[in-house]
Amino acid sequence: MFDKILIANRGEIACRVIRTARKLGIRTVAVYSDADADALHVSMADEAVHIGAAPSRESYLQFDRVIEACKRTGAQAVHPGYGFLSENSQFCQACDAAGVVFIGPPVGAIEAMGSKSAAKRIMEEAGVPLVPGYHGEDQSPELLKKAADDMGYPVLLKATAGGGGKGMRQVWSAKDFDEALAAARREASNSFGDDRMLVEKYLTRPRHVEIQVFCDSRGNAVYLAERDCSVQRRHQKVIEEAPAPGMSEALRQQMGEAAVQAAKAIDYVGAGTVEFLLDEDGSFYFMEMNTRLQVEHPVTEMITGQDLVEWQLRVAAGEALPLAQEDVQINGHAFEARIYAEDPDNDFLPVTGTLAFLQPPEESAHVRVDTGVLQGDEVSVYYDPMIAKLIVHDEDRDKALRRLARALSEYRISGMRTNVDFLYNLATAEPFRKADLDTGFIEKHRELIFHDSEQDLQRGAILGALYLVLRQARRATVAETDPYSPWNSTSAWRLNEPHAQHFALELGGREIAVSVEQLQRGGSRRYRICSGNQTVTARGELKDGELYADIDGYRSRVPVAEHDGVISLYTEDSALQIREVQPDLGEADDTGGEGALTAPMNGTIVTLLAQAGVAVARGDALLVMEAMKMEHTIRAPADGTVEEFFYAPGDLVEGGAELVNFSPAEA
Ligand code: ADP
């Protein structure tokens, strides 16, 4: 076994690898960029080496510096984590040349799977079933379009070098093909420097089921059951679970064996994942093989009781696999939810900010939190906006799901929008409980999952208003004890008459009006609070960062955090982010929402697709911008004309910046 390894990654996965290394008595070396000087992974490692500036291109992707760091510290092996250099065959080669062990598969296996098209050709030869499609070398737009036309729509365009859903576009009809191809190619060339595409039949109701495989260098290979990752947004996983609900032992074996066959076809060594689409009729199709540890590997660890990073280290050190196929056991059920800094109401666009308040649920035998950040850390534009992975395990799916919901309701973050509420709504949605899964789950159950109904918003506003008046009252009490305070001369007017106060609160992207009347009875203050058609009688107290609320006799204790004017109230089933809107500040700030002609986030203008002065129809693409390696198309909110574009291709724009001067046509 190694004495010292270097982890060529950051965030939760770097911390995850360090934990296992420590358990095995292996010393660890972290690498870090300027932005990560104080990051958790750096403080957890025994040693750390600075490797460059914040952008990953200038640090985590600089593999010469990573190898240099191995030499400097005497690290015998490198764990690449996922992302960054994990599937970079040049890096793998450079490690070999430098005599450093790459903790992953051999160069040939990475190369074989590096291109989705080449991988498909290999799998075809090995007899693994494929999604029907075109994965040839000829890339002329006419040929690609013809392939799509012949196959019939819908089709899916995929970058052959792809990953992370980038360079991927659904096309629903022939007329949209050209625009989609151009966009997918631009995105692919920005992300991977390679704009080659493949075209696949788009399956409308598949499940994403993937098999964890493991091979050692002695010719042994096993599969460690499957994971169901059907719940996705933007074609990216948000909740994963193992085992896949409804999986028969026969199908598991069939898929497992196909996956092992796929791994053997490329002389695989180490941890790998073979991804399949599982159709309603039980047919499954090879999608791709990821030649690394997956983000969602913990669910497999929970049900098999194995430490997959330990397996990786053992295999890389030349040891045999710890288990034979017949010894692999499945116990209970596990879920993983990915906690992201992102805005579910704005197409899940990543957001950035400071984690002003961060309180994960308590870890136990059933609850595990894999994270790489601490309160006060920054979620920056430079890296993936994942804050943590929440993993739960119990003896069956229902119990595990209850744990998931509970743990999500205890996950408290403020300082930026996150998807925690969205995940909670998902985890408690009835169709999810019934495991009625397919990759369109979120779209299909939109109404259920995004259920900020008017009533919910009003209830939230009432709680927010109660907090505001209690805070006010407390400040006033503090002031009243000061005999010289000017407040004392004016405070008496409240004493006898009910006094109504009006608040405008912003929550759930809406502005909600609330009025609060103080009912003076005895010593304790009671309030009548109205919002929309709801009227309640409430009282409460602020103590130790918590709001003790009694609303119409229903008592609850609500942790509160305040940051930059945003009040976060963590109720039993959601995290309310409330801002008090100051009255009479002139026109409302018109950002976000449908038809907003503002930049959704910091980014770069890629191309202008309309001409100033020429009429466009509602929904026409006006311009494309790129942010965090994803393209966003800004569309005409109505029929009309672009008077002026404020930016040119290549310009950097800030989130919220107005991009276009647009005049709607006269009705
Ligand atoms: P990436 O490597 O960019 O993440 P994948 O090829 O793994 O892309 O696909 C990501 C997701 O896109 C899949 O999990 C699935 O939900 C969806 N998907 C991929 N191919 C198809 C297809 N042919 N039909 C329907 N959905 C697909």
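Since the model is a prediction, treat every value here as computed from it, not as a measurement.

Draft legend 1. Region of interest: the domain arrangement of the protein. Assigned domains of the protein: these are domain 1 (4–103), domain 2 (132–201), domain 3 (209–231 + 242–335 + 342–450), domain 4 (454–478 + 488–580) and domain 5 (596–664). Between the C-alpha centres of domain 2 and domain 3 the distance comes to 27 Å.

Draft legend 2. Structural context of empty space enclosed by the protein. One pass over the full model with this rule turns up three cavities of 30 Å³ or more. If you add up the space inside the second largest cavity, you get close to 60 Å³. As for the second largest cavity, its lining consists of L408, S409, Y411, V420, D421, Y424, Y570, T571, E572, D573, S574 and A575. Going through the elements one at a time, α12 (397–409) and α13 (420–427) are the ones with two or more residues in the lining of the second largest cavity. Ranked by the residues each element gives to the lining of the second largest cavity, the list is headed by α13, at three residues. A breakdown of the residues in the lining of the second largest cavity according to their chemical character gives six nonpolar, three polar and three charged. Each of domain 3 (209–231 + 242–335 + 342–450) and domain 4 (454–478 + 488–580) accounts for three or more of the residues forming the lining of the second largest cavity.

Draft legend 3. Layout of the pairing of strand β22 (residues 386–394). Counted residue by residue, β22 has nine buried out of nine residues, so it is predominantly covered. Here strand β15 (residues 333–340) pairs with β22 via eight bridges, running antiparallel. Note that in β22 the partner of R338 across the bridge is K389. Relative to β22, strand β20 (residues 367–371) runs antiparallel, the two being bridged by five bridges. Note on β22: the bridge partner recorded for V367 is V392.

Draft legend 4. Here's a closer look at the environment of A334. Relative to the helices and strands, A334 is located in strand β15. Accessibility expressed as a relative area gives 0% for A334, which makes it buried.

Draft legend 5. The arrangement of the site of the ligand in detail. For the ligand, the set of nearby residues contains 21 residues, the closest of which are K116, G165, E200, H208 and Q232. At 2.9 Å, a side-chain N or O of K158 approaches an oxygen atom of the ligand. Within the contact set of the ligand, an oxygen atom lies 2.6 Å away from a backbone nitrogen or oxygen of G165. Looking at the shell around the ligand, the elements that each hand over two or more residues are β7 (155–163), β9 (197–201), β13 (270–278) and β14 (284–290). Looking at the shell around the ligand, its residues break down into seven nonpolar, eight polar and six charged. Shared between two domains, the shell around the ligand takes at least three residues from each, and those domains are domain 2 (132–201) and domain 3 (209–231 + 242–335 + 342–450).

Draft legend 6. Focus on the nonpolar core. Within the largest apolar cluster, 38 residues are counted, with the highest numbers of intra-cluster contacts made by I339, I387, L404, L408 and L426. Elements supplying a minimum of two residues to this core: β12 (236–242), β15, β20, β22, α12, α13 and α15 (441–444). Other than its neighbours up to four places away in sequence, L408 contacts A337, I339, L390, V420, L423, Y424 and A427. If you look at the next biggest cluster of nonpolar residues, it comprises 33 residues, including I7, A14, V309 and Y340.

Draft legend 7. Summary view of the side chain of Q212. With respect to the helices and strands, Q212 occurs in strand β10 (residues 207–215). A polar atom in the side chain of Q212 sits 3.2 Å from the backbone oxygen of G272. If near-sequence neighbours (up to four positions away) are discounted, Q212 is found in contact with V222, Y223, L224, A225, R227, A271, G272, T273, T300 and L308.

Draft legend 8. Looking closely at the pattern of salt bridges. All chains considered together, the criterion is met by 54 salt bridges. Of the charged contacts, one joins D149 and K145 as a salt bridge, the two residues approaching to 3.5 Å between their closest N and O atoms. In this pair, D149 and K145 both sit in helix α7 (residues 141–151), four residues apart, roughly one turn of the helix. A salt bridge links E210 to K237, with the nearest nitrogen and oxygen atoms 3.1 Å apart. Of this pair, E210 sits in strand β10 while K237 sits in strand β12, and the two are 27 residues apart along the sequence.

Draft legend 9. Broad picture of the environment of I239. Tracing the backbone through its elements, the reader meets I239 in strand β12. With relative accessibility at 2%, the residue I239 sits in the buried group. Sequence-wise, I239 and E296 are 57 residues apart; in three dimensions their C-alpha atoms are separated by 8.8 Å. The residues touching I239, leaving out its near neighbours within four places in the chain, are D228, C229, V231, F335, E336, A337, L404, L423, L426 and F432.

Draft legend 10. The arrangement of the sheet that holds strand β8 (residues 166–171) in detail. The four strands are arranged β6-β9-β7-β8 in an open sheet whose pairing can be described as antiparallel. If you trace the sheet from one side to the other, it starts and ends with β6 (133–134) and β8, each paired once. As paired strands, β7 and β9 are joined by five bridges and run antiparallel to one another. Its bridge partner being in β9, L157 is matched across the sheet by V199. Against the sheet, helix α6 (residues 116–125) makes contact with β7 and β9, and its axis sits at roughly 100° relative to β7, the strand it touches most. Strands β7, β8 and β9 of the sheet are contacted by helix α8 (residues 177–192), whose axis makes an angle of about 165° with β8.

Draft legend 11. Spotlight on the packing of aromatic side chains. Scanning the model with the defined rule gives 14 aromatic pairs in all. Consider the rings of Y60 and Y383, whose centres lie 5.7 Å apart with planes at 80°: the pair is edge-to-face. Residue Y60 is found in the loop between β3 (47–52) and α3 (63–73), and its partner Y383 is found in the loop between β21 (378–379) and β22; the two are separated by 323 residues along the sequence. In this structure Y60 comes out as buried when scored by relative accessible area, which is 1%. Between W172 and Y202, the ring centres sit 5.8 Å apart and the planes meet at 70°, which makes this aromatic pair edge-to-face. One end of the pair, W172, is in the loop between β8 and α8; the other, Y202, is in the loop between β9 and β10, and 30 residues separate them in sequence. Judged by relative accessible area, which is 48%, W172 ranks as partly exposed. Overall, the relative accessible area of 15% leaves Y202 in the buried class.

Draft legend 12. How the structure looks around the sheet that holds β22. Taken together, eight strands build an open sheet; the order of strands is β14-β13-β10-β11-β12-β15-β22-β20 and the sheet is antiparallel. For this open sheet the edge positions go to β14 and β20, each flanked by a neighbour on one side alone. For this sheet, the mean angle separating the axes of adjacent strands, direction not counted, is 25°. Relative to β12, strand β11 (residues 221–233) runs antiparallel, the two being bridged by four bridges. Note that in β12 the partner of Q232 across the bridge is K237. Contacting β10, β11, β12, β15, β20 and β22, helix α10 (residues 297–304) crosses the sheet at an angle of about 155° to β15.

Rules and cut-offs
Residues numbered from 1 in each chain as written. Predicted model: local features only at pLDDT ≥ 70, side-chain atom pairs only at ≥ 80, totals over all residues. Heavy atoms only, no water. Domains from an automatic or database assignment. 1 Å grid on protein atoms, 1.4 Å probe; cavity = no way out; pocket = protein on both sides within 12 Å on 5 of 7 lines; lining within 4 Å. Points joined across faces, edges and corners; volume = space filled by probe spheres on them. Helix = DSSP H or I, 4+ residues; strand = E, 2+ residues; numbered from the N terminus. Nonpolar A, V, L, I, M, F, W, Y, C, P; charged D, E, K, R; others polar. Buried < 20%, exposed > 50% of the residue type's maximum accessible area, 1.4 Å probe, protein only. Pairing = 2+ DSSP bridges. Near = heavy atom within 4 Å. Polar contact = N/O pair within 3.5 Å; in protein donor to acceptor, adjacent residues only side chain to side chain. Core = buried A, V, L, I, M, F, W, Y, C linked by side-chain atoms within 4.5 Å. Contact = heavy atoms within 4.5 Å. Salt bridge = Lys/Arg side-chain N within 4 Å of Asp/Glu carboxyl O. Axes fitted to C-alpha atoms, helices over the stretch in contact; angles between N-to-C directions. Phe/Tyr/Trp six-rings, centres within 6.5 Å; stacked < 30°, edge-to-face > 60°.

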